[in-house]
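Structural features, examined
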Amino acid sequence: MQLSLTPFSLIHPSTPSTLQTKLFLTMATTTLATNDDTPTPTQNNPSSPRSPQVDNIAADTKDAFQEQFPVGRVFDDMKVATEAAHKLSHAFGFTVARSGYKIMCSRGVPPRKKPKKELPWGEMVGQDDHSRPNESWKFVGCGFSINFSAVNRLTSHMKVLAKHGVEFEKPNLDLVKVTKHNLVHCEQCNPSITQLQSCLKSSGKLFNNLGDELLQIVNLLNTASHVPAPTLRQLLRPLLPEHFPLSPQTALNFRYWVKRNAMKLKPASGKAVVFSSARLSGICNGKEGHVSMRVCEALSNKSVQECGEILQGVLREAIEEGNAGWKLRSYLERLKEADDFFDYRIVLSPEGVVRSITWQTGVMRTSFNQFGHTLFLDFSKRRLNSMDWPYNGLTMIDSDKKVVVGSESLCIGELNDCYVDILRSTVEMSGGRSLSDIQVIFGDCFIQTTLLDQLGITDTCRIFWDHYHLLQSVWPEFLGKSFSGELKVALEGMVHAKTQLQFHEFCGKALAASSSNPNHQEYIQKYIDSGEMYSTFALESAAMTLGRHGSSHAEQNHSSVMAYMNGISYEQPEILVKLLIERQYHHMTMRAHELSQYHMKMKSEVAKHPETRHNDARLWLSSWGWELWESEASEHSEYRTTVFDDFYRVSRSSVERDIQFGERCNCSFAKMYGLQCRHEISINCGTFNSTLCHARWKKRDEL
C-alpha cells in the first residue's frame, strides 16, 4: 500500500530546505506494507535479505547526516549538537546516545561491567551477571558515530594566570566541532520498515482525518434522548480498523468520552471536528477518558457531585446494554435459595434503573447487629469490575479490634443516595438494629450531615471526618503552597485540639496566617464552623467513637479486597461477588479459629490461677475489651472515693469528679468506649461490673 505523506520538519534552523524536500520524496515513495513475496528484514536476523527500501533509507540517512554534520562544523556546545542529532535520527527510525564528545547509535557497544573483586575472606563482590535484566539483544555493535572535539582549550600560560588570580580574556570553552564520523549502520542495525512505520505513526503522518462522519455521530449523541448500543456500534464500524473489536464496553467508552467533552466537540460555524482514526481507536479502547471514578476526581473544573451526575447516565446504560445487572440478580437469587442466612437488596433509581446492589451473609448480619453502632464509610476508587461500579464494604471494628463488614455493595458511584441505599438495605436485612441505633459514622469530607437528614437520624448520630484526608489531601489540594509554615501548624492544631479553648486559639492563628488571601480565609472559616465534625475534643466527648480518628478501617478493608483479588478487574460482576463472598468465608474461618483459641486460653488461665483478681473480667470481656479494662483497673488504686447523699466523689490529688447515683461517669474514656472506667472501678472497690460495659465488649465464643 503506497501512502502519500506530508513533509517532515527537522526542527533545526540550519537544516537546508533541500534536505526537507529530499526526505519528503524518500518517505512518500517508500512502501510501508510488505508483500508476501518480499520478506521484511529483521533486526535480529542478519542473514535475511536486504530490501531496496532499506538500502534507500540507509543512503538517505548517510546523506542527511553528512549535510547536517559535515567535518569541521562548529556547534555552540554538545547539548545543541546532541539535540540536532536526536531530531534527525528520529526521522529515520532510530535513536542516538551521547558519550562524552561522541554521539553514536543507541545499539552500539554496551557499557562495560565493573570487574568483581575478591575480599580477604574469599567473598566476591561486584556487579553480578544477573543483577540487571539481560538486554544484550539491544546492542549489535553498530559503528554509526559522530566524533567532536573542543574548539578552544586553556593553554598552560592561561592556567598559570588563573592560578595567580590574574584576569584575562577566556575563550569560549563550550564550542565543539565535528572531527570525524562514520554514518553507516551495520547490517543488523539498519532501520527496518517496521521501525520507520512506528516512527511515522507516532508523528501522526499515517492518520486520516475523520471529520464530518464523526461530527454527525457526536451531534446524534448530544441531541438524541438515547442511542442504543447496537446502533452506535454500527455507526462506529466504518470509522475503525476491521480488526478492532466492537463490544458494549467500546460503545460505553465512546459515549462517556463524548459526554465528558461535550462543550469541546461543539464546532464553530463553518468548522469541523478534527479527528483521527487512531485517536478514535484509543477512545473506544478506553485509553482516553475511560469510565472511572478516578477520572471524575481528576476533572478540576467539576465537583465530585457534578462528576457523579455525569457518570450516572453512562453507567446505567452500561448495565442495561450488557444485561450484567440481571445476570447478577439471578446469581444472588440462587445464593439466597441455597443459603437461608443470605440476603440481598437491589435499589432502583426514580428512572427505574439499578442504582445499588447490596448483599449480606449470616456472619455479616451478626457483626452488624453487635457492632453496627460505629461505622466507617468509604467507596473504593479502584476498578474491580467491567462496569466500573465502585465497591463499598460497610466497615466496622469488632470487640477484638478486627475489621469486619456488615454488608457489601456495588453502586453506581459515590453518591449520597447510594450511601442511603446501603444503610437502609443493611438495616432492613439485619432485623436486629434500627437506623436510630447508629451512633457514629466516620468518612471523608464527601459525607455531609445531609446523609443524616435523609436517614432521619440527625438527633441520634454524628458524622466525623477523617484526619488523614483533611491534612494530607483536602486542605493541601485547595491551599496549595500556602499550606505550610504558620498556617499548616494552626490547621493541624485545629484538628488535634484537646479542648474547645485550644481549638478556638488555633482558629484565630489560622485566620491570621491566611489574612493576605480572602479566598483562603473564607475557605478556612467554613471548616472552623464545622469544627465538631473533626476536632479531637469533639471526638473524645462523643459516645462510642472507640478512640478512632477517621475512616482508615474502611481503607484497610479495601486493601484486603484488592490483595485477595490480586488487583484484577473482572468482566462479569457475578464472578466478583462470588470472590468477595469466598473472601468473607476465608476470613470467617480464620476468625472462628482465633476466637476458639482465645476462649480456651482464658479458661485455662482462670483454671490455673482461680485466686487471681479480675478473673470475672477475663471471662466476660473480649481480648480488646480486656486490654482496655485492665489498663483502667491498674490506675484505680490512685483514686479515693467519698460517698455523699446522692453522688460519689472520686478524687486524685487536687482533681475531683462527681458521679451521680445511678448515672455513668462522664469522662472521655467511658464515653468513647462504653466500658467501665477507672472512676467507676474505684467506686466498685476495684471489682468488675458487666452492667457498666456495652454489649459489644462481651467475649464471643464463636461467630
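Reference entry: report on the structure contained in this document.

What counts and what doesn't
Residues numbered from 1 in each chain as written. Predicted model: local features only at pLDDT ≥ 70, side-chain atom pairs only at ≥ 80, totals over all residues. Heavy atoms only, no water. Core = buried A, V, L, I, M, F, W, Y, C linked by side-chain atoms within 4.5 Å. Buried < 20%, exposed > 50% of the residue type's maximum accessible area, 1.4 Å probe, protein only. Helix = DSSP H or I, 4+ residues; strand = E, 2+ residues; numbered from the N terminus. Contact = heavy atoms within 4.5 Å. Salt bridge = Lys/Arg side-chain N within 4 Å of Asp/Glu carboxyl O. Pairing = 2+ DSSP bridges. Axes fitted to C-alpha atoms, helices over the stretch in contact; angles between N-to-C directions.

1. Observations regarding the nonpolar core
- Counting 107 residues, the largest nonpolar core has Trp359, Leu423, Leu451, Trp475 and Leu621 as its most contacted members.
- Ranked by residue count, the leading element in this core is helix H22 (residues 573-608), at 7 residues.
- Those residues in contact with Leu621 that lie beyond four places of it in its chain are Tyr598, Trp626, Trp629, Leu675, Phe688, Cys693, Trp697 and Lys699.
- Ala91, Val96, Ile146 and Val176 belong to the second-largest nonpolar core, a separate cluster that totals 24 residues.

2. Topic: the pattern of salt bridges
- Per the counting criterion, the structure on display carries 19 salt bridges.
- The partner of Arg591 in a salt bridge is Asp398, with the nearest N and O atoms 3.1 Å apart. In this pair, Arg591 sits in helix H22 while Asp398 sits in the loop between strand S12 (391-397) and strand S13 (403-411), placing the two residues 193 residues apart along the sequence. With respect to class, Arg591 is no different from Asp398; both count as buried.
- For the salt bridge of Arg591 with Asp400, the shortest nitrogen-to-oxygen distance reads 2.9 Å. Taken as a pair, Arg591 in helix H22 and Asp400 in the loop between S12 and S13 lie far apart in primary sequence, 191 residues in all. Grouping residues by exposure puts Arg591 and Asp400 together as buried.

3. Some remarks on the sheet that holds strand S18 (residues 655-660)
- The sheet built from 3 strands is open, its strands ordered S16-S17-S18 with antiparallel pairing. Here the strands that pair on one side only, and so sit at the sheet edges, are strand S16 (640-643) and S18. Ignoring strand direction, the axes of neighbouring strands in this sheet form an average angle of 25 degrees.
- In this sheet, S18 lies alongside strand S17 (residues 647-652) in antiparallel orientation, the contact comprising 6 bridges. Across the sheet, Arg652 pairs through a bridge with Val655, a residue of S18.

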